[in-house]
Amino acid sequence: MGAKQSRMEARDPGDYVSQLADELALRILWYLDGKEILQVAQTCRRWRQLAEDEGLWQGKCKARGIEEPLCITRRKAKASRSGPWKSSYIRQLRIDTNWRLGRFQTTRLDINEENLCMEHWKFNGKELVITSQYNMIKIWSAVTGECLRTLVGHTHNITAMAMRDHIIISGSADGTIKVWNGESGESLHTLCGHIDPVSCVFIHERRVESGSRDGSIRIWDMETGECLHVLMVDVEYIKYIHYDGQRVVSVNGRYSCTLNIWDPDTPSCLVTFPLPGTDRIHHSELKGSRLLLVTDNGEINVWDTETREPIRIIGDLYKYIITVSETINLHLWGEKALSAGFNQKTIQRDAENARLRRNFVISDAGFGPVPLGGFEPNTFFDVKEKIYSFHFKKSLEPLSYVMVSPTKVICVIGGKYGKVQVRVLDFSDWGKRKRFKL
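Everything quoted here is computed from the prediction, not taken from an experiment. All chains use their own residue numbering, which begins from 1 and follows the written sequence. Local features in this predicted model are restricted to residues whose pLDDT is 70 or higher, and side-chain atom pairs enter the listing and the counts only when it is 80 or higher, whereas totals over whole chains, interfaces and linings include all residues. For the side-chain quantities, the full set of heavy atoms in the structure was used; hydrogens and water were omitted.

A. Focus on the pattern of salt bridges. For salt bridges, the criterion is a side-chain nitrogen of Lys or Arg within 4 Å of an Asp or Glu carboxyl oxygen. If you walk through the whole model with that rule in mind, you get 8 salt bridges. When the shortest N-O distance is used, the salt bridge between K86 and E52 registers 2.6 Å. Taken as a pair, K86 in helix α7 (residues 84–101) and E52 in the loop between α4 (45–50) and α5 (54–63) lie far apart in primary sequence, 34 residues in all. Whether a residue is buried, partly exposed or exposed follows from its accessible area with a 1.4 Å probe, protein chains only, as a fraction of its type maximum: under 20%, in between, or over 50%, in that order. For K86, a relative accessible area of 7% puts it in the buried group. Ionic pairing is found between R206 and E223, a salt bridge with its closest N-O pair at 3.6 Å. With R206 in the loop between β10 (198–204) and β11 (207–212) and E223 in the loop between β12 (216–221) and β13 (227–232), this pair connects stretches of sequence that are 17 residues apart. In this structure, a network of salt bridges that share partners links the residues R206, R207, D221 and E223. Only DSSP runs of H or I covering at least 4 residues are called helices, and only runs of E covering at least 2 are called strands; the numbering of each starts at the N terminus.

B. Region of interest: α7. Multiplying 1.5 Å by the residue count of a helix minus one yields the expected span of that helix. Between its first and last C-alpha, α7 extends 26 Å over 18 residues, near the 26 Å set by a 1.5 Å rise per residue. Regarding α7, the residues found buried are W85, K86, S87, S88, Y89, Q92, L93, I95, D96, N98 and W99. One or two steps after α7, the chain reaches G102, where phi turns positive at roughly 70°.

C. Looking closely at the pairing of strand β27 (residues 399–404). Across the 6 residues that make up β27, a large majority, 6, are buried. One ladder, built from 2 bridges, connects strand β24 (residues 374–375) with β27; its direction is antiparallel. Bridge pairing in β27 places F375 opposite V402. A pair of strands is treated as paired once DSSP finds two or more bridges between them. Judged from the 5 bridges that link them, β27 and strand β28 (residues 408–413) form a sheet pairing that is antiparallel. Residue pairing in the sheet places V404 in a bridge with V409 of β28. Hairpin geometry of β27 and β28 is characterised by an intervening segment of 3 residues between the two adjacent antiparallel strands.

See below:
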């Protein structure tokens with residue numbers, strides 16, 4: 001009782017908030033943003049202790065779409081005197097600030113060849129993987145810009161590619177699929193079974209899924225190379241597949257598309273319905289009778305698989321991609337890239353709301369974050385401002401593709417009709433290393 005009374009007397013008698021129970025005080029902190037919490041923590045010892053609560057920062061991270069900090073070790077967290085969730089939030093706050101202010105390190109990939117296929121490229125945050133000479137795979141470091149290794153083994157063109165961590169899956173026009181160890185460059189398996197070119201591949205845990213122009217979908221065991229399931233669509237082009245461990249979603253047809261949902265264990269087709277439009281599917285997610293589809297142009301559609309009708313269209317991702325593309329152009333080319341009639345205040349306002357992130361969080365749809373991956377920038381007409389807000393032009397150097405990670409942006413410049421340039425903009429460690437000029 002005496003110790004409790006002494007603590008009460010040590011507090012400022014005019015600070016009634018500091019006398020609240022911890023649960024109520026943490027509830028008040030929850031309504032503040034991250035910057036305000038850090039400012040409040042500087043007022044007194046008790047607020048500083050409350051501001052270290054990991055549950056508070058975990059909620060803040062989830063509200064901002066920050067992923068679980070698996071990469072933060074206990075040693076690093078102890079050195080920073082903060083828990084993993086708080087460290088992740090502060091790190092992302094620094095990255096967001098660098099993004100808005102245009103502060104980044106620039107690395108140019110050492111690419112001196114023109115036979116690169118930018119249709120098949122993957123990025124895991126550290127390394128960029130691109131098909132080269134049509135039947136080879138090259139891996140570049142996003143930190144040094146050097147080519148680390150070349151994967152050689154396919155005898156025909158590479159037509160599809162997927163990547164998870166250091167595992168790379170590549171499909172070829174000869175109908176084979178290769179499983180690679182990207183760290184060692186070793187070919188682990190060659191999967192044979194398709195009789196026509198492989199058009200798409202996908203990775204789910206230990207399983208590899210492949211679709212071919214022969215109208216079949218195959219599910220393989222990545223570790224043994226065994227073919228576990230074969231799904232026959234008919235003699236039709238398989239342009240997209242996704243597997244969640246239970247059901248397979250496939251999009252078939254070169255022009256008029258059909259969507260199928262499969263049970264590979266039966267094997268049988270559960271749902272079939274025509275899919276309007278010819279845009280490539282970038283991502284899909286299936287929950288019960290609800291199907292989420294994301295096209296490469298950034299349009300999100302939620303379908304009812306029982307009625308075969310769309311029930312919701314989400315356009316925020318498209319607007320976000322446009323804003324990110326415009327901001328990157330502004331970072332790359334500066335004022336010279338602005339066209340006549342360009343509304344700079346609009347892009348600055350939008351850039352404040354756009355954050356550098358790998359996933360796009362959608363709300364009230366019942367689905368998780370949408371992975372951004374690689375998108376091709378588009379022209380966007382701002383109806384309210386009555387101008388084209390993406391009129392960035394620089395002679396012979398158009399921004400062709402953009403890929404976003406939690407800390408970096410990969411920019412592919414040119415590549416359609418001329419020589420490819422690839423630049424990495426790193427917003428995480430600005431000021432810690434020598435800044436390279438564009």
